[in-house]
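# Secondary and tertiary structure notes
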Amino acid sequence: MNIKNAQKEVDEWINAHGVRYFNELTNMAQLTEEVGEVARIIARRYGEQSEKESDKDKDLGEELADVMFVVLCLANQTGIDLQQAFDKKMEKKAKRDHDRHHNNEKLK
């Protein structure tokens, strides 16, 4: 599925099940909350913090999907074609960062 289709699927879900989009500020707060849940899993599972028993059943993929869902909501409600924006960003990064990363001693 490409990003444009994902945006459409989220919009269809909102219209069928969600009544309406939360406002942009609410979705921004929700995005922050979801990113925090991703950070908690990564810090405890891959970082130096010990993982609590209650965290061991947390699904990182599901939490990342939650982040993606809210990002798609924000794009929809602010009129952003995220596929176009992502493609433009990847092109910019490819031009800007190709030599930068190849010449980074820290990555060798």
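Please read all numbers here as calculations on a predicted model, not as lab measurements.

Under the present numbering, the feature "domain: NTP pyrophosphohydrolase MazG-like" (unreviewed entry) in UniProt falls on residues 23-100. Here residues 23-100 runs as 76% helix and 0% strand, with 39 Å between its end C-alpha atoms.

Now for the side chain of Gln7. Turning to its location among the elements, Gln7 is positioned in helix α1 (residues 3-18). A polar side-chain atom of Gln7 sits 2.8 Å from a polar atom in the side chain of Asn76.

Attention now moves to the packing of α1 against helix α3 (residues 60-77). Two numbers describe how α1 lies on α3: the axes approach to 9 Å, and their chain directions differ by 85°. As summarised for this structure, α1 and α3 are arranged roughly perpendicular, according to the angle between their axes. In this structure, α1 contributes Ile3, Ala6, Gln7, Val10, Asp11, Trp13 and Ile14 to the contact, and α3 contributes Phe69, Leu72, Cys73, Ala75 and Asn76.

Turning our eyes to something else, we now look at the packing of aromatic side chains. Using the criterion set out here, one finds one aromatic pair in the structure. Summarising the aromatic geometry, the rings of Trp13 and Phe69 are spaced 5.7 Å apart at their centres and angled 85° between planes, so their arrangement reads as edge-to-face. Highlighted residues: Trp13 in helix α1 and Phe69 in helix α3, separated in sequence by 56 residues.

Another aspect to go through is α1. Regarding α1, the residues found buried are Ala6, Gln7, Val10 and Ile14. One face of α1 carries all of its buried residues, which in axial projection span an arc of 100°. Turned more than 90 degrees away from the buried face of α1 sit Lys8, Asn15 and Ala16, all of them exposed. The secondary structure elements touched by the buried residues of α1 are α3 and α4 (82-102). Sitting at the amino-terminal end of α1 is Asn2, which places a side-chain oxygen 3.1 Å from the backbone nitrogen of Lys4. Positive phi appears at Val19, one or two residues downstream of α1, with a value of about 70°.

All right, on to the nonpolar core then. Listed in full, the seven residues of the largest apolar core are Leu31, Val38, Ile41, Leu60, Val67, Val70 and Leu74. Secondary structure elements with two or more residues in this core: α2 (24-45) and α3. No other element matches the four residues that α3 contributes to this core. With residues up to four places along the chain from it excluded, the contact list for Ile41 reads Tyr46, Lys58, Asp59, Leu60 and Glu63.

Analysis parameters
Residues numbered from 1 in each chain as written. Predicted model: local features only at pLDDT ≥ 70, side-chain atom pairs only at ≥ 80, totals over all residues. Heavy atoms only, no water. UniProt positions renumbered as here; feature names shortened; annotations may be inferred. Helix = DSSP H or I, 4+ residues; strand = E, 2+ residues; numbered from the N terminus. Polar contact = N/O pair within 3.5 Å; in protein donor to acceptor, adjacent residues only side chain to side chain. Axes fitted to C-alpha atoms, helices over the stretch in contact; angles between N-to-C directions. Parallel < 35°, antiparallel > 145°, perpendicular 65-115°, else oblique. Contact = heavy atoms within 4.5 Å. Phe/Tyr/Trp six-rings, centres within 6.5 Å; stacked < 30°, edge-to-face > 60°. Buried < 20%, exposed > 50% of the residue type's maximum accessible area, 1.4 Å probe, protein only. Arc of directions from axis to C-beta. Core = buried A, V, L, I, M, F, W, Y, C linked by side-chain atoms within 4.5 Å.

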